[in-house]
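# Geometric and topological summary
So the chains spell out like this:
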Amino acid sequence: MKTALLLLSLNVAGIPLVHRDLPRRMEAIGRELKAGRYDIVGLQEAWRDKDAAALGAASGLAHIARYERDILMGTGLAILSRFPILQKSQRPFTSRPSALRFYQGESVANKGVLMARVQTPGGELDVYDAHLIAGYPDFRYRTLRLTQVFELAEAMDEWSPGRAVVLLTDLNAGPGDSEYEILKDLLGLDDACRVKDTELCPDPGRTKRIDHVLLPLGKLKRTGKPALVNDPPYRYSDHQGVAALLEPKALALRRKPHARHRAEALEDIEAAITSMLESMAKRRRERAWLPAYGFVFALRYDHQAAYLTALRDRVHSQLLRAHKA
């Protein structure tokens, strides 16, 4: 008999030396995962391999897909599953902030997307885990977040055409934010924590929820709920996780983005990248005369502009296809 699956998305705030009491918090999170009887968990910011392994062992979720690091910190992504993982795919996002803003951590975090194909009792399910760049008071990073939304969509289109999918993610954006709305329109996904304008998973520590369980559009009951609430004596994370019960019939749903909505999402991404490239070119002209700094500035901008231009070309190509559909 097919049964519902309990899913969780959680940012475990596992940056060594930055987030306090890591061993103690990881032990507490592991106990909560086991007590909650989750079937599949998408973790973000599990930066240390030993933390991801410990959480898998403590939770009783024996099957683990871990983003294999290719630089110092990896991405912090891990998927824990009660059921066998048949296949794993991973990809880093290409656009990052300037290395001069190393103090934010975003330029070395190598954020990206991880997919685990899970053999559930009801059939195969492609589980995606992603973590998008955070915003800061002086650096919103909206355009870079939109490039990551597009690259996430590219990965899902490539790895999971015509397959059952779910996205467990920390978007660093939420309902009402353009990045959140564009992602849903581009991918043809809906939020397990939203019923029209009603929020089922409020995060009392934030003005808006940034953690999400996203599923293909379809007539499903919304089952999202807050998870691992930060009650004393433990603060499990710096923002609250979300859980959702996945109905068996959800495995029959497939992504079918609305053609016009998808085209509009691509137009918004292309416009944002174009605007950023124009702004970069203007700043480069204004600062190129500066000794030494102007040379380094130009090298950095050339490198980032090349990434952004190539990405915009891919966006435009998909936009042309969307208009012909």
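The structure reproduced in this document is the subject of the present report. What you see as residue numbers is a count from 1 along each chain, following the sequence as written. This being a predicted model, a pLDDT of at least 70 is required before a residue's local features are given, and a value of 80 or more before pairs of side-chain atoms are given or counted; all residues contribute to the totals for chains, interfaces and linings. Hydrogens and water are ignored here; the side-chain numbers use all heavy atoms of the structure.

It is worth spelling out the sheet that holds strand S6 (residues 112-120) at this point. The six strands lie next to each other as S5-S6-S7-S8-S12-S9, forming an open sheet whose pairing is mixed. The open sheet is flanked by strand S5 (85-92) and strand S9 (189-191), the only strands paired with a single partner. Along the sheet, successive strands turn relative to each other by an average axial angle of 20°, direction set aside. Pairs of strands are assigned from DSSP output, requiring at least two bridges between the strands. Every helix listed is a DSSP run of H or I at least four residues long, and every strand listed is a run of E at least two residues long, numbered separately from the N terminus. As paired strands, S5 and S6 are joined by seven bridges and run antiparallel to one another. Among the inter-strand pairings, Gln90 is bridged to a residue of S6, identified as Leu114. Where helix H4 (residues 142-159) meets the sheet, its contacts fall on S5, S6, strand S7 (123-131) and strand S8 (165-170), and the angle it forms with S5 comes to roughly 145°. Against the sheet, helix H5 (residues 178-187) contacts S8, S9 and strand S12 (211-216), and its axis sits at roughly 135° relative to S9. Each axis is a line fitted through C-alpha atoms, and for a helix only the stretch in contact is used; angles between axes span 0 to 180 degrees, taken between their N-to-C directions. Here a residue-residue contact requires only that any non-hydrogen atoms of the pair lie within 4.5 Å.

A word on the sheet that holds strand S4 (residues 78-81). Spatially, six strands are ordered S3-S4-S2-S1-S14-S13 in an open sheet, and the strand pairing comes out mixed. In this open sheet, the two edge strands, each paired with only one partner strand, are strand S3 (63-66) and strand S13 (225-227). For this sheet, the mean inter-axis angle between neighbouring strands, taken without regard to orientation, is 20°. Relative to S4, S3 runs antiparallel, the two sharing four bridges. Looking across to S4, one finds that Ile64 is bridged to Leu80.

Ring geometry is summarised as follows: Phe, Tyr and Trp rings, the Trp one being its six-membered ring, pair when their centres sit within 6.5 Å, and such pairs are stacked at plane angles under 30 degrees, edge-to-face over 60 and tilted between the two. Overall, the coordinates contain one aromatic pair when judged by the stated rule. Judged by centre distance (6.1 Å) and plane angle (15°), the rings of Tyr128 and Trp159 are stacked. With a gap of 31 residues between them, Tyr128 in strand S7 and Trp159 in helix H4 connect regions that are remote in the sequence. Note on exposure labels: buried denotes an accessible area under 20% of the residue type's maximum, exposed denotes more than 50%, and partly exposed covers the range between, all computed with a 1.4 Å probe on protein chains only. By relative accessible area, Tyr128 is classed as buried at 0%.

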